[in-house]
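# Commentary on secondary and tertiary structure
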Amino acid sequence: MWHERFDAVVIGAGFSGLYMLYELRRRGLRTCALEMADDIGGTWLMNRYPGARCDIESIEYSYGFSEEIQQEWVWTETMPAQPEIEAYLHFVADRLDLRRDIRLRTEVTAMRFDDDAAEWTLETAAGERFSARFVVAASGILSVPLEPDIPGMSCFGGTSLFTARWPAEGVDFTGKRVGVIGTGSTGVQLIPVVARQAQRLTVFQRSPAYTLPWRVRPFDDGELDGLKAQYDEIRAAQRAHPVGAARLSAFSLLIDMLSRPPIRGASAEDKRRAVAERGVMGALDWGDVFFDIDANRMATELYGEAVARIVDDPRTAAALVPTHPFGCKRPIIDQGYYETFNRPNVELVDLRSTPIAAVERAGIRAGDGLHELDAIVYATGFDAMTGALTRIDVRGRGGISLKDVWAAEGPVSYLGLAVAGFPNLLVVQGPGAPAAATNFVAALEQHVEWISECLAYLRAHGHRTIEATPEAQREWAELTTALVAPTVLMHPSCNSWYNGGNVPGKKRMYMGFTAGIPEYRRRCDEIAAAGYTGFALG
Ligand code: N01
């Protein structure tokens, strides 16, 4: 059997894996990255659906570690679309000569830690074996698609499409009757684009989204060069910002809201003006919505009024108003989402009143009606944060299973970096790290650099192992839970990938650190400087 040995193995060759590979190689560790897909790019390879785009500005949603890369790469739009981000990652991989250490089409199916040898052995779907002292899971926070379990799905006579496995050659919907299931970030991006092409679009909506309109534009002549000239300041501001994105983005909007006046104290005139002048944005832009569920409901009511000003049909407008609290799911920004429902070829099916009974050969049966379709697009989300590791049979000390630990205790970790009982397995932005509500690239860079320093420290000090202690892990879970306790993030009416509520049977627990990246970095650096407190070094 094929068996290779490395100092470190990185799982995944997306944004995190590429930088991790570069860092470890730079430190002199013999490293390879194993990638299950047939190319690099991670989430930006798989999610090629129409309309896929980042909701953070390109100059911030990009690596900051290399001045050469940030100066050489040319972004064409303020918020980059999927093809441009995919191309950027190819540019980076070539520029850093990473490909020679990346194994594509190499799916890790199992990995076991050998206590005596203090090393991991990984097995792949093709039966290869790799051993390494350290494994870094750079396997992504949103990389395992969640396929719904709707009766009859496999009987559909038309084309079934999954947004997270979109065909590379694209799909032509011209003249087709298309159904879309799912109205999260993905559905909200996809729906306006498909509506412009399809003969008919039926949106099957279980939970309406809160979404804010956004203008994406190409850079003006010379604008990008001007920004590049200020890159030091831009990166410094980004580094100091809680969400790792100081320029306007879906996340920084939320941070800005915290400093607004409360809706509770607002007069009817204040509220009316907010909606009249700023539409859905004005409806939600209040300082108390994250902490006070009644204030949040008042904002939702205003939001409904703002939606009704855009959507012509009153029943459709009413059906588009969410029932979960604003802020408990990831923020969404859109381009022409609500306006799409005024098109004559678009219909909304509210699954709250007419649930899907089954998928049939000819289409989708919801309530009493059969909606005849040529294609169904599933935009139904991900088994976030934990899914990429629980689909691998990960066995730590004494053969304990990571999947079992997370099923029993919830998605626990220390710092979102390591799990007690699983030595020498470091996770880039695991559950408990800041990633969920931040600019992921800023968050991953901090993790990659911390992990890289950590492995260098272990080497320099002759340690063979590093392992989170159960006490430190418990305290971290208490801290992350306490941080969200005064907010609406864990409200019972909210099923979100943030809290595991979107996956049937998954233990509910908030899977992020919400005090921001600078505070998180401060803690991580303090822990490292003190000799890795909360970790046992062997
Ligand atoms: O997934 P989601 P997503 N029947 O979980 C519905 C990132 N992202 O892929 O809420 C009917 O948000 C489900 O309904 P409900 C971003 O972090 C970023 O859209 O469970 N409906 C919901 O409406 C984002 O948060 C970007 O009731 C079903 C939808 O499917 C994350 O990815 C762009 C169903 C899933 O929404 C995930 O977004 C895209 C069923 N059986 C994604 N099962 C940008 O950067 C599920 N649903 C802009």
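Treat the numbers as computed from the prediction; the structure is a model and nothing was measured.

Right, let's get into the site of the ligand. Taken together, 23 residues sit near the ligand, with T186, S207, K329, R330 and W497 positioned nearest. One of the side-chain N or O atoms of R206 is found 2.8 Å from an oxygen atom in the ligand. Protein chains bury 86% of the 920 Å² of accessible surface belonging to the ligand in isolation. Looking at the shell around the ligand element by element, the count peaks at three residues for helix α5 (residues 185-197). Here the shell around the ligand is built from residues that sort into nine nonpolar, nine polar and five charged.

Bringing the pairing of strand β8 (residues 177-181) into the picture now. Counting buried residues along β8, four of its five residues qualify, which places the element largely inside the surrounding structure. As defined by bridge partners, β8 adjoins strand β9 (residues 200-205) across five bridges and the pair is classed as parallel. In the sheet register, V178 faces β9, and the bridge partner there is L201. Once the chain exits β8 it traverses α5 before rejoining the sheet at β9, and the crossover so formed is right-handed.

Next up on the list: the sheet that holds strand β15 (residues 369-372). Read from one edge to the other, the open sheet built from three strands follows the order β13-β14-β15, with strand pairing classed as antiparallel. Strands with a single pairing partner mark the edges of an open sheet, and in this sheet they are β13 (356-360) and β15. Looking at each pair of strands side by side, their axes are set apart by 20° on average, direction ignored. As paired strands, β13 and strand β14 (residues 363-366) are joined by four bridges and run antiparallel to one another. Residue I356 lies in a different strand from β14, and its bridge partner there is A366.

What follows is about the sheet that holds β9. Hydrogen bonds between backbone atoms are what pair the strands of a sheet, whose relative direction is either parallel or antiparallel. As summarised here, the arrangement of the five strands in space is β7-β16-β8-β9-β12, forming an open sheet in which the pairing is parallel. Unpaired on one side and paired on the other, β7 (159-162) and β12 (346-350) mark the two borders of the sheet. Strand-to-strand twist in this sheet, taken as the mean axis angle between neighbours without regard to direction, amounts to 20°. Taken together, the four bridges between β7 and strand β16 (residues 375-378) define a ladder with parallel strand orientation. Counterpart to F162 in the pairing with β16 is Y378. Seen against the sheet, α5 touches β8, β9, β12 and β16 and runs at an angle of roughly 160° to β9.

Another point: unusual backbone geometry. Positive phi, close to 65°, is recorded for M385, a residue that is not glycine. Since its relative accessible area comes to 5%, M385 is described here as buried. The phi angle at L415 is positive, at roughly 65°, despite the residue not being glycine. The buried category is assigned to L415, whose relative accessible area is 0%.

So, on to the state of the cysteines. One covalent bond between the sulfur atoms of two cysteine residues makes up a disulfide. Scanning all chains against the criterion turns up one disulfide. A sulfur-sulfur separation of 2.0 Å characterises the disulfide bridge that pairs C328 with C494. Negative torsions about the S-S bond denote left-handed disulfides, and the value of about 90° found for C328 with C494 makes this one right-handed. Pair noted here: C328 is in the loop between α11 (314-319) and β11 (333-334) and C494 is in the loop between α16 (470-484) and α17 (517-529), with a separation of 166 residues, a long-range link. Considered together, C328 and C494 belong to a single accessibility category, that of buried residues.

About the thresholds
- Residues numbered from 1 in each chain as written.
- Predicted model: local features only at pLDDT ≥ 70, side-chain atom pairs only at ≥ 80, totals over all residues.
- Heavy atoms only, no water.
- Near = heavy atom within 4 Å.
- Polar contact = N/O pair within 3.5 Å; in protein donor to acceptor, adjacent residues only side chain to side chain.
- Areas by Shrake-Rupley, 256 points an atom, 1.4 Å probe, with all protein chains shown as cover.
- Helix = DSSP H or I, 4+ residues; strand = E, 2+ residues; numbered from the N terminus.
- Nonpolar A, V, L, I, M, F, W, Y, C, P; charged D, E, K, R; others polar.
- Buried < 20%, exposed > 50% of the residue type's maximum accessible area, 1.4 Å probe, protein only.
- Pairing = 2+ DSSP bridges.
- Right-handed = clockwise from strand over helix to strand, strands pointing away.
- Axes fitted to C-alpha atoms, helices over the stretch in contact; angles between N-to-C directions.
- Contact = heavy atoms within 4.5 Å.
- Disulfide = S-S within 2.5 Å.

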